[in-house]
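# Notes for the structure review
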Amino acid sequence: MEFDRMNSAGYLVNNMARLLVEVLRKRIAPLGIVPGQFPALLALWEKDGLTQKELLAMLDIEQATLANTLTRMERDGLITRREHPADARARTIHLTDQGRSIRDSAYQTAMQINEAVLADLSEDETQAFLDYMRRVIGKIKEVENS
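I will try to describe carefully the structure that is included in this document.

Reading the values: rules and limits
Sequence order as written defines residue numbering, which begins from 1 separately in each chain. pLDDT decides what is reported in this predicted model: residues at 70 or higher carry local features, side-chain atom pairs at 80 or more are listed and counted, and totals for whole chains, interfaces and linings draw on all residues regardless. Values shown for side chains rest on all heavy atoms present in the structure; no hydrogens or waters enter the calculation. Helix numbers and strand numbers start at the N terminus; a helix is a DSSP run of H or I with at least 4 residues, a strand a run of E with at least 2. Contact between two residues is taken to exist if any of their heavy atoms lie within 4.5 Å; hydrogens are not considered. Note on classification: 1.4 Å probe, protein chains only; a residue is buried when its accessible area is under 20% of the maximum for its type, exposed when over 50%, partly exposed between these limits. For two strands to count as paired, DSSP must find a minimum of two bridges between them. Centres within 6.5 Å are what make two rings of Phe, Tyr or Trp a pair, Trp counting through its six-membered ring; a difference in plane orientation under 30 degrees is then read as stacked, over 60 as edge-to-face, and the rest as tilted.

### Observations regarding the environment of Q98
Relative to the helices and strands, Q98 resides in helix α5 (residues 97-101). Sequence-distant contacts of Q98, that is, excluding residues within four places in its chain, are made with D76, G77 and L78.

Structure, rendered in structure tokens:
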């Protein structure tokens, strides 16, 4: 049996993600962040003061991965953790001034990358591509949970 990696969804998606992460890494390094922190920052920029459990549900990553990411973000001065006002066992995660201050630059960088890598697609193709990816992600989650 032959396996053609250039016709494998898994191979192509992994390759595309790896390349995009590398471009993002280079472009956001001057902001003092790394790609692994970007999803947590996006969530906190939308709603500051989330618990780690809430972040886990939003980001769909492993608990240990998020814990390590948050520890690094706290060390780097991007977030602080505070006692939860209603649950003594939980802590809320808050952006620092530094974490808030890089938002617009990070958004701009991400939008520029997206625009550049999708430049060869028409508006309709871009929307279809994004829709296909969302649908495949949904199907992967179904398969994973079955």
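### Thoughts on the pairing of strand β3 (residues 91-95)
The two faces of a sheet get side chains in turn, since along a regular strand they alternate between them. Burial analysis of β3 places four of its five residues in the buried class, the great majority of the element. Two strands pair when backbone bridges link them, and strand β1 (residues 50-51) and β3 are joined in this way by two bridges, in the antiparallel orientation. For L50, the partnering residue across the bridge sits in β3 and is I93. Where strand β2 (residues 79-83) and β3 come together, five bridges link them in antiparallel fashion. Residue pairing in the sheet places R81 in a bridge with I93 of β3.

### Re the packing of aromatic side chains
Under the criterion given, the structure shown has two aromatic pairs. Summarising the aromatic geometry, the rings of F38 and W45 are spaced 6.2 Å apart at their centres and angled 85° between planes, so their arrangement reads as edge-to-face. Here F38 and W45 have matching classes, each one buried. Ring centres of W45 and Y107 lie 5.4 Å apart, and the angle between their planes is 80°; on these two criteria the pair is classed as edge-to-face. Of this pair, W45 sits in helix α2 (residues 38-46) while Y107 sits in helix α6 (residues 103-117), and the two are 62 residues apart along the sequence. According to the relative accessible area criterion, W45 is buried, its value standing at 10%. Of the residues examined, Y107 reaches a relative accessible area of 28% and is grouped as partly exposed. Through successive ring pairs, a cluster of aromatic residues spans F38, W45 and Y107.

### Points about the environment of E2
Structurally, the position occupied by E2 is in the segment before α1 (9-28). The sequence separation of E2 and E22 amounts to 20 residues, and the corresponding C-alpha distance is 30 Å.

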